[in-house]
Amino acid sequence: MFDKSVLVKIIFTLTLTCLFLAASFAVEPGYSVGKEAPDFKLMPVGGGKPVSLSQLRGKPVVVVYWAAWCGPCRKEIPELKKLYDKYSPKGVQFVSIAVGWKQSEDDVAKFKTAQSLPYQVLFDKDNKVAQEWKIQSIPTNLIIDLDGVIRYREYAIFPEAEDILQSMIRQDT
């Protein structure tokens, strides 16, 4: 019915097209590496005083945008917990921001408890912070240096993230 070589060419062309499209989305517009991170002020899940990025200035900060329903977000939790255990005693602050898409604060609170998340969990109910930061997909992970400059922005925690944290620890001591 179909010539096998034609089918292979079609699959090859579709694969290249998908790779091209994926690559075109890899560079996220908005607040990127080398730019000063904009301040935010959000409430912690479960109550408490508002948390702002500016109050963490002078310390390295890991910021994670995520959602409880997001498979890749769930998958990276063990890695984030390891980083937290290793670097929070050295002064690195960890802030996770749960976006308000398709989830309530109650959903996030239940997920936080079920997963025993050790770091601060904030809720961006109206997604205003996510919009300002040009968050287009989750998870989005950022590392912000002591001066408030974004040094890492990726959709996952790659080995280079730990290298960046190490360099900030040395710089801070």
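As a starting point, this report considers the structure included with it. (Residues numbered from 1 in each chain as written. Predicted model: local features only at pLDDT ≥ 70, side-chain atom pairs only at ≥ 80, totals over all residues. Heavy atoms only, no water.)

1. Details of the sheet that holds strand 5 (residues 120-124)
Strand pairing in a sheet relies on backbone hydrogen bonds. The paired strands run either parallel or antiparallel.
Okay, so step 1: Read from one edge to the other, the open sheet built from five strands follows the order 5-4-3-6-7, with strand pairing classed as mixed. Both outer strands of the open sheet, strand 5 and strand 7 (150-154), are each paired with one neighbouring strand and no more. Pairwise comparison of adjacent strand axes, ignoring direction, gives a mean angle of 20 degrees for this sheet.
Okay, so step 2: Pairing analysis gives five bridges linking strand 3 (residues 61-66) to strand 6 (residues 140-144), with the strands arranged antiparallel. Looking at the pairing, V62 lines up with I143 of strand 6.
Okay, so step 3: Seen against the sheet, helix 2 (residues 71-87) touches strand 3, strand 4 (93-99) and strand 6 and runs at an angle of roughly 160 degrees to strand 4.
Okay, so step 4: Its contacts with the sheet put helix 3 (residues 105-115) on strand 3, strand 4 and strand 5, and the angle it makes with strand 5 is roughly 165 degrees. (Pairing = 2+ DSSP bridges. Helix = DSSP H or I, 4+ residues; strand = E, 2+ residues; numbered from the N terminus. Axes fitted to C-alpha atoms, helices over the stretch in contact; angles between N-to-C directions. Contact = heavy atoms within 4.5 Å.)

2. Concerning the pattern of salt bridges
Okay, so step 1: Counted under the stated rule, the structure contains four salt bridges.
Okay, so step 2: Measuring nitrogen to oxygen at the nearest pair gives 2.8 Å for the salt bridge that ties D145 to R151. (Salt bridge = Lys/Arg side-chain N within 4 Å of Asp/Glu carboxyl O.)

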